[in-house]
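A closer look at the structure
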Amino acid sequence: MKRTLEEQRIEFSNKKFIATPLAGLIVWTIIGGISIFSSDYIAVWSIFIGTGSIVYLGIFLSKFTGEDFLDKSKPKNEFDTLFYFTVGQAVFVYSIAIPFFIADYSSLPLTVGILTGLMWLPFSWIINHWVGIFHSLTRTLLILLLWYLLPEYRFVSIPFGIVLIYTITLIVLRNRKTNKYGNQ
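Now for a description of the structure that goes with this document.

The rules behind the values
Residues numbered from 1 in each chain as written. Predicted model: local features only at pLDDT ≥ 70, side-chain atom pairs only at ≥ 80, totals over all residues. Heavy atoms only, no water. Helix = DSSP H or I, 4+ residues; strand = E, 2+ residues; numbered from the N terminus. Rg over C-alpha atoms; globule rule 2.2 N^0.38 Å. Buried < 20%, exposed > 50% of the residue type's maximum accessible area, 1.4 Å probe, protein only. Patch = residues over 30% accessible without salt bridge, like charges linked within 9 Å, V, L, I, M, F, W, Y side chains within 5 Å. Areas by Shrake-Rupley, 256 points an atom, 1.4 Å probe, with all protein chains shown as cover. Salt bridge = Lys/Arg side-chain N within 4 Å of Asp/Glu carboxyl O. Contact = heavy atoms within 4.5 Å. Core = buried A, V, L, I, M, F, W, Y, C linked by side-chain atoms within 4.5 Å. Axes fitted to C-alpha atoms, helices over the stretch in contact; angles between N-to-C directions. Parallel < 35°, antiparallel > 145°, perpendicular 65-115°, else oblique. Left-handed = near helix turned anticlockwise from the far one by under 90°. Nonpolar A, V, L, I, M, F, W, Y, C, P; charged D, E, K, R; others polar. Phe/Tyr/Trp six-rings, centres within 6.5 Å; stacked < 30°, edge-to-face > 60°. Lys NZ or Arg CZ within 6 Å of the ring centre and 35° of its normal.

Let us now look at the overall build of the protein chain. Summing up its helical and strand segments, the protein chain has nine helices and zero strands in all. Overall, the protein chain shows an N-to-C arrangement of helices and strands of α-α-α-α-α-α-α-α-α. Taken over C-alpha atoms, the radius of gyration comes to 17 Å for the protein chain, in line with the 16 Å a tight globule of 184 residues would show. The proportion of buried residues among the 184 residues of the protein chain is 45%.

Right, here's the structure in full:
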């Protein structure tokens, strides 16, 4: 029996959504830690490598959170596909971040931090919950604030600002109670 799009949305919305933000929290914590103790050159590479590995770490963590992204026995859900498109969108934003990085290497935490956080907006719509809007909006505002207030510490303050937003987001996601529409 084919499920309606609304049934698939409800099914998708009732998932835990812990593995991917947990992966983001771990990676941005590592990026911030590396940036404390290393040169900007190493910090730059930690951002490129680290953010590129979030999806793979999320896939790995999903086996332990009960989400198991690679489970082929689950029925196909169109919102999983849409979510993967938002991940692809986050990869494409490097086409904006890299030219700015070439012009000013210290722009990297700003551009990558904001642009990769935009995928939370469609996520919020999919699950019909405010957490994605909160994540994108506060992440963007906090990154901009840290960018201007702490220019000498951009490679440290911005990653840890992102970690703060991920922490709050994970708490909200963990405590989110869903109904048949996937919202509170």
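Let us now look at unusual backbone geometry. Located in the positive-phi region is Phe-17, a residue other than glycine, with phi close to 60°. The topology assignment puts Phe-17 in the loop between α1 (5-13) and α2 (19-37). You can call Phe-17 buried: its relative accessible area is 10%. Phi is positive for Asp-68, close to 35°, though the residue is something other than glycine.

Here we come to a nonpolar patch on the surface. Together, Ile-30, Ile-34, Tyr-41, Ile-42, Trp-45 and Ile-49 line one region of the surface with nonpolar side chains, adding up to about 630 Å² of accessible area. Contributions of two or more residues to the nonpolar patch are made by α2 and α3 (40-65). Here the nonpolar patch takes four residues from α3, the largest share from any one element. Among the secondary structure elements, Ile-42 is positioned in helix α3.

Turning our eyes to something else, we now look at the side chain of Gln-8. With respect to the helices and strands, the residue Gln-8 is situated in helix α1. Classification of Gln-8 as buried rests on a relative accessible area of 7%. Excluding its chain neighbours within four sequence positions, the residues that come into contact with Gln-8 are Arg-3, Lys-76, Asn-77, Glu-78 and Phe-79.

With that settled, consider the nonpolar core. If you look at soluble globular proteins, the nonpolar side chains tend to sit buried side by side. Residues Phe-12, Trp-28, Val-112, Phe-123, Ile-127 and Leu-173 are the most contacted members of the largest nonpolar core, which totals 41 residues. Taken together, the elements giving at least two residues each to this core come down to α2, α3, α4 (78-92), α5 (94-103), α6 (108-115), α7 (120-127), α8 (131-149) and α9 (154-175). With eight residues, α9 is the largest single contributor of residues to this core. Not counting residues within four places of it along the chain, the set of residues in contact with Leu-173 comprises Lys-16, Phe-17, Ile-18, Pro-21, Trp-120, Phe-123 and Val-131.

Checked against the element boundaries, Val-87 lands in helix α4. Under the relative-accessibility criterion, Val-87 is labelled buried at 18%. With 50 residues separating them along the chain, Val-87 and Leu-137 place their C-alpha atoms 18 Å apart. Setting aside chain neighbours within four positions, we find Val-87 in contact with Val-55 and Met-119.

Okay, the packing of α3 against α6 next. Two elements in contact, α3 and α6, have axes whose closest approach is 10 Å; the angle formed by their N-to-C orientations is 15°. It follows from the interaxial angle that α3 and α6 lie roughly parallel. When you trace α3 past α6, the crossing you get is left-handed. Side by side, α3 and α6 meet where Val-44, Ile-47, Phe-48 and Thr-51 of the first sit next to Leu-108, Pro-109 and Val-112 of the second. Residues of the contact of α3 with α6, tallied by class, amount to six nonpolar, one polar and no charged.

As a further point, take the packing of aromatic side chains. Per the counting criterion, the structure on display carries 15 aromatic pairs. Taking the centre distance of 5.1 Å and the plane angle of 55° together, the rings of Phe-12 and Phe-17 count as tilted. Side by side, Phe-12 and Phe-17 carry an identical accessibility label, which is buried. Judged by centre distance (6.2 Å) and plane angle (85°), the rings of Trp-130 and Phe-134 are edge-to-face. The structure contains a cluster of three or more aromatic residues connected by ring pairs, namely Phe-12, Phe-17, Phe-79, Phe-83, Tyr-84, Trp-120, Phe-123, Trp-125 and Tyr-166. Over the aromatic face of Trp-125 sits the side chain of Arg-9, whose NZ or CZ is 4.3 Å from the ring centroid. The ring centre of Trp-147 lies 3.2 Å from the NZ or CZ of Arg-154, which sits over that ring.

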